[in-house]
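Now for the letters of each chain:
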Amino acid sequence: MQGVVTTRCHRAKDKLVVVIKEREHVGLPYTARTIFALLALIAGGCKIDVVAPEGATIRSESGVYECIGPNVCTIEVNDVFFNETFRVETEGDLIFAGWKRRDRGLCGGLTDACPIVTSLFAGNEVLEAFLASDETFFLEADIATEVAMLSVAKDTTIFADRTADSISDGKIFVGRNNNGSIRRGLIAFDLSAIPAGAAVKSAELTLNVSNARQSGVAIRAHRLNANWGEGATSGVGRGEGQSSPAMMGEATWEARFFNMMPWNNAGGDFRTAASATATTDDSISWGSAGLMADVQFWVDNPNRNFGWILIGDERTPQSVQGFHSKESPMSVVPRLTVTYSETSNE
């Protein structure tokens, strides 16, 4: 790394905080988030290890710092005027998949530039509680070799008030309508394009809104624990949001395969903790460590790829959101974008 500062840090009475202004992908467009990553300030401390894998270069926009992989380059931060934004450049067909999530990692999960700005804090008991001994923090790039745009294998809508109905051949509906009826969407993707043993680096699920009375509604994606069926039942009525009687084998509110096999829990069997949450606009995108972990789990266990259940605002009337499904025009169908390397995670 060029231009490394090697003088000693300020005394402990000066509280140095590294502020990471991170943009989190919570839908389109991005929204801003500020994360406080606390670095200890004792003599000889204040280190950031910049980890550049093979085929990648991490460079500050000022040009002062450059780390060419494979290499670990150390920055010794020694003043409160450190203001650098780091970007990653890759060689050949390699893909920057984001800053790696790790213990004491900076900008973990961010897929854009990483700005690091130091600010001086004094007498803040909360910050002092975090300020510890001579710690090393990490700025590590994650690199993928492949990107896959995956197609929907199946999708459907289930209804709490019409437990023997569904919509399989039509739009996906999530939330509560003006009559108080709750809907949930089920969606699964074909992951066969990703080879066994691949290491998933990122995953992003995107749906396009077809009809909605309001925007800014939070939608949660939960990993399903059981398989379910899709049929050919169509939505009817205005906006195609009214259900029709389910056919044999279709998923409904009470059954994962209608007239064949019930859910253990009405409304779907899924993990309690959401894998990701995002808010609606013209489209909605989920991207998180949880979503990535789901895809990795399915790559490693293809017989348990049951997809996600999408759960919206089930308390507020008229919060229902309609999304384009696999039956919609190609320009607006749901898509799952996955970056990966054809080697298993270490």
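Data block above holds the structure.
Residues numbered from 1 in each chain as written. Predicted model: local features only at pLDDT ≥ 70, side-chain atom pairs only at ≥ 80, totals over all residues. Heavy atoms only, no water.

Asker: Tell me about the environment of glutamate 240, and please be specific about residues and values.
Answerer: Tracing the backbone through its elements, the reader meets glutamate 240 in the loop between strand E17 (218–223) and strand E18 (244–245). Sequence spacing of glutamate 240 and glycine 170 is 70 residues, and the spatial spacing of their C-alpha atoms is 7.4 Å. If we ignore the near neighbours within four places in the chain, the residues touching glutamate 240 are Ile167, Lys171, Phe173 and Gly235. (Helix = DSSP H or I, 4+ residues; strand = E, 2+ residues; numbered from the N terminus. Contact = heavy atoms within 4.5 Å.)

Asker: Give me the nonpolar core: which residues, what numbers.
Answerer: One finds Phe189, Leu207, Trp286, Val295, Trp308, Leu336 and Val338 to be the most contacted residues of the largest nonpolar core, which totals 32 residues. Sorting elements by how many residues they give to this core places strand E16 (residues 199–212) first, with five residues. Discounting chain neighbours no more than four positions away, the residues touching leucine 207 are Ile172, Ile187, Ser283, Ile284, Trp286, Leu310, Phe323 and Pro334. By size, the runner-up hydrophobic cluster in this structure holds 23 residues, among which are Tyr65, Ile75, Ile116 and Phe137. (Core = buried A, V, L, I, M, F, W, Y, C linked by side-chain atoms within 4.5 Å. Buried < 20%, exposed > 50% of the residue type's maximum accessible area, 1.4 Å probe, protein only.)

Asker: Tell me about the state of the cysteines, and please be specific about residues and values.
Answerer: For the structure on display, the rule yields two disulfides. One disulfide bridge connects cysteine 67 with cysteine 73, the sulfur atoms lying 2.1 Å from each other. Classification of the bridge connecting cysteine 67 and cysteine 73 rests on its S-S torsion, roughly 80°, and on that basis the disulfide is right-handed. On the accessibility criterion, cysteine 67 (0% relative accessible area) is buried. Each sulfur in the disulfide pair cysteine 107 and cysteine 114 lies 2.1 Å from the other. (Disulfide = S-S within 2.5 Å.)

Asker: Now, about the sheet that holds strand E10 (residues 136–144): what can you tell me, with residues and values included?
Answerer: With mixed pairing, four strands are arranged side by side in an open sheet as E6-E3-E10-E8. Either end of the sheet is taken by a strand with one partner, and the two such strands are strand E6 (71–76) and strand E8 (95–99). This sheet shows a mean twist of 25° between the axes of neighbouring strands, independent of strand direction. Sheet analysis places strand E3 (residues 47–52) next to E6, joined by six bridges and oriented antiparallel. Bridge assignment links alanine 52 to a residue of E6, and that residue is asparagine 71. (Pairing = 2+ DSSP bridges. Axes fitted to C-alpha atoms, helices over the stretch in contact; angles between N-to-C directions.)

Asker: Can you lay out unusual backbone geometry for me, pointing to particular residues and giving the numbers?
Answerer: Cis rather than trans, the peptide bond between glycine 69 and proline 70 has omega equal to 0°. On the secondary structure map, proline 70 appears in the loop between strand E5 (66–68) and E6. A positive phi angle, near 60°, is found at arginine 104, a position not held by glycine. For arginine 104, the position within the fold is in the loop between E8 and strand E9 (114–121). Taking relative accessible area as the criterion, arginine 104 reaches 35% and is therefore assigned partly exposed. With a phi angle near 65°, asparagine 259 is a residue other than glycine that sits in the positive phi range. Position of asparagine 259 relative to the elements: it lies in the loop between strand E19 (255–257) and strand E20 (261–262). Assessed through its relative accessible area of 59%, asparagine 259 is described here as exposed.

Asker: With reference to specific residues and values, describe the packing of aromatic side chains.
Answerer: Per the counting criterion, the structure on display carries four aromatic pairs. Their ring planes at 70° and their centres at 5.4 Å tell us that phenylalanine 96 and tryptophan 99 sit as a pair that is edge-to-face. According to the relative accessible area criterion, tryptophan 99 is buried, its value standing at 2%. For the cation-ring pair, lysine 154 lies above tryptophan 228, with the distance from its terminal atom to the ring centre recorded as 4.4 Å. In this arrangement the basic side chain of arginine 223 is found over the ring face of phenylalanine 297, its NZ or CZ atom lying 4.0 Å from the centre. (Phe/Tyr/Trp six-rings, centres within 6.5 Å; stacked < 30°, edge-to-face > 60°. Lys NZ or Arg CZ within 6 Å of the ring centre and 35° of its normal.)

Asker: Let's hear about the pairing of E17: which residues, and what values?
Answerer: Note that E17 and strand E21 (residues 276–279) share four bridges and pair antiparallel. Residue alanine 218 lies in a different strand from E21, and its bridge partner there is threonine 279. Pairing between E17 and strand E23 (residues 308–311): four bridges, direction antiparallel. Bridge pairing links alanine 221 to leucine 310 in E23.

The analysis is restricted to geometry; functional conclusions fall outside its scope.
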